[in-house]
Amino acid sequence: MSEIVEKTEVPPKAETTEKAEKREKPEKSEKVEKKRIILVTGKRKTAIARAIVKPGAGNVIVNGIPLATFMPEIARMKVTEALVLSGERWRALDFNVRVSGGGFMGQAEAARMAVAKALVQWTRSSELRKTMTNYDRTMLAGDPRRKEPKKFGGPGARRREQKSYR
């Protein structure tokens, strides 16, 4: 009788290999950890900035240049305003900002807007949103002013050619 018990406890070899294969494959119910990525845009005049935000070590890169070496200094200070207002929250994130169009200050303000929007979106903090809005509303809400188009009869939008009545 002991021989019969041993035979029923030991499954055939084909079944053991099938079970081993099933164990190796992750089941659909198991959740695979996703990396959270946010894409944000910021605009100022004709400059457009696109920021990609990922979890990281606090690196901020603007057009392939680290923020620490970004020049001119006044443009660097514009971009860092959003980071300073957020406190230590930005140190756990990596920002990759690509800016095109406009001049250097327009680009800096577009990058600032993209970074500020990304921080507010990432943290989902109404407190941070209020802080940034109270400091400078254009950090989160764009400035609608644009260049007036040139008209005929003069060199610019409003200036006309001089008249002489003599």
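About the thresholds
Residues numbered from 1 in each chain as written. Predicted model: local features only at pLDDT ≥ 70, side-chain atom pairs only at ≥ 80, totals over all residues. Heavy atoms only, no water. Helix = DSSP H or I, 4+ residues; strand = E, 2+ residues; numbered from the N terminus. Buried < 20%, exposed > 50% of the residue type's maximum accessible area, 1.4 Å probe, protein only. Contact = heavy atoms within 4.5 Å. Salt bridge = Lys/Arg side-chain N within 4 Å of Asp/Glu carboxyl O. Pairing = 2+ DSSP bridges. Axes fitted to C-alpha atoms, helices over the stretch in contact; angles between N-to-C directions. Parallel < 35°, antiparallel > 145°, perpendicular 65-115°, else oblique. Left-handed = near helix turned anticlockwise from the far one by under 90°. Nonpolar A, V, L, I, M, F, W, Y, C, P; charged D, E, K, R; others polar. Core = buried A, V, L, I, M, F, W, Y, C linked by side-chain atoms within 4.5 Å. Polar contact = N/O pair within 3.5 Å; in protein donor to acceptor, adjacent residues only side chain to side chain. Phe/Tyr/Trp six-rings, centres within 6.5 Å; stacked < 30°, edge-to-face > 60°. Lys NZ or Arg CZ within 6 Å of the ring centre and 35° of its normal.

I'm lost on the overall build of the protein in this one. Help?
Helix and strand content of the protein: five helices and five strands. Starting at the N terminus and walking to the C terminus, you meet the elements of the protein as α-α-β-β-β-β-α-β-α-α. Per-residue burial for the protein yields a buried fraction of 30% across its 166 residues. Taking as baseline every contact in the protein between residues at least 6 positions apart, the subset at least 24 positions apart corresponds to 68%.

Even after reading the chapter, I still don't get the pattern of salt bridges, so can you show me in this structure?
One side chain can pair with another of opposite charge once the charged atoms of both are near each other. The full count for this structure, using the stated rule, is eight salt bridges. Here lysine 151 makes a salt bridge to glutamate 148, at a shortest N to O gap of 2.6 Å. Judged by relative accessible area, which is 34%, lysine 151 ranks as partly exposed.

In this structure, what is going on with the sheet that holds strand 5 (residues 93-100)? I would like to understand it.
Sheet strands pair by backbone hydrogen bonding; their relative direction is either parallel or antiparallel. The strand order 1-2-5-3-4 describes an open sheet built from five strands, whose pairing is mixed. On the outer flanks of this sheet lie strand 1 (38-44) and strand 4 (65-66), each paired with one strand and no other. Its contacts with the sheet put helix 4 (residues 104-123) on strand 1, strand 2 (47-55) and strand 5, and the angle it makes with strand 1 is roughly 145 degrees.

Would you explain the packing of helix 4 against helix 5 (residues 126-135) in this entry?
Think of two packed helices as two axes; the pair is described by the angle between the axes and how far apart they sit. Helix 5 packs onto helix 4 with a crossing angle of 160 degrees between their chain directions and a minimal axis gap of 8 Å. Here helix 4 is positioned roughly antiparallel relative to helix 5, judged by the angle of their axes. The interaxial crossing formed by helix 4 with helix 5 has left-handed handedness. Residue-level inspection shows Ala116, Leu119, Val120 and Thr123 of helix 4 in contact with helix 5, the latter providing Leu128, Arg129 and Met132. Looking at the contact of helix 4 with helix 5, its residues break down into five nonpolar, one polar and one charged.

Quick question: what am I supposed to make of the nonpolar core here?
Side chains of a nonpolar character, in soluble globular proteins, are inclined to be buried together. Counting residues in hydrophobic clusters, the biggest one holds 33 residues, and the most contacted among them are Leu83, Phe95, Val97, Leu119 and Met132. Of all the secondary structure elements, the ones that give two or more residues to this core are strand 1, strand 2, strand 3 (60-62), helix 3 (73-85), strand 5, helix 4 and helix 5. Take this core: its biggest share by element is ten residues, from helix 4.

What should I look at first to understand the pairing of strand 2 in this one?
Regular strands show a simple pattern: their side chains alternate between the two faces of the sheet. By the bridge criterion, seven bridges tie strand 1 to strand 2 in an arrangement that is antiparallel. Across the sheet, the residue bridging to lysine 43 is isoleucine 48, located in strand 2. Where strand 1 hands over to strand 2, the hairpin turn is made up of two residues, of which lysine 45 adopts a positive phi near 55 degrees. Two strands pair when backbone bridges link them, and strand 2 and strand 5 are joined in this way by eight bridges, in the antiparallel orientation.

When you look at the side chain of arginine 76 in this model, what are you seeing that I'm missing?
Within the secondary structure, arginine 76 is located in helix 3. Engagement of the side chain of arginine 76 in a polar contact is seen with the backbone oxygen of phenylalanine 70, the distance being 2.9 Å. The contact partners of arginine 76, leaving out residues within four places of it in the chain, are Leu67, Ala68, Phe70 and Met71.

Can you walk me through the packing of aromatic side chains in this structure?
Each aromatic ring pair is summarised here by two numbers: the centre-to-centre distance and the angle between the ring planes. The final tally for this structure, using the stated rule, is zero aromatic pairs. Positioned above the aromatic ring of tryptophan 122 is the side chain of arginine 36, whose terminal nitrogen or guanidinium carbon lies 4.3 Å from the ring centre.

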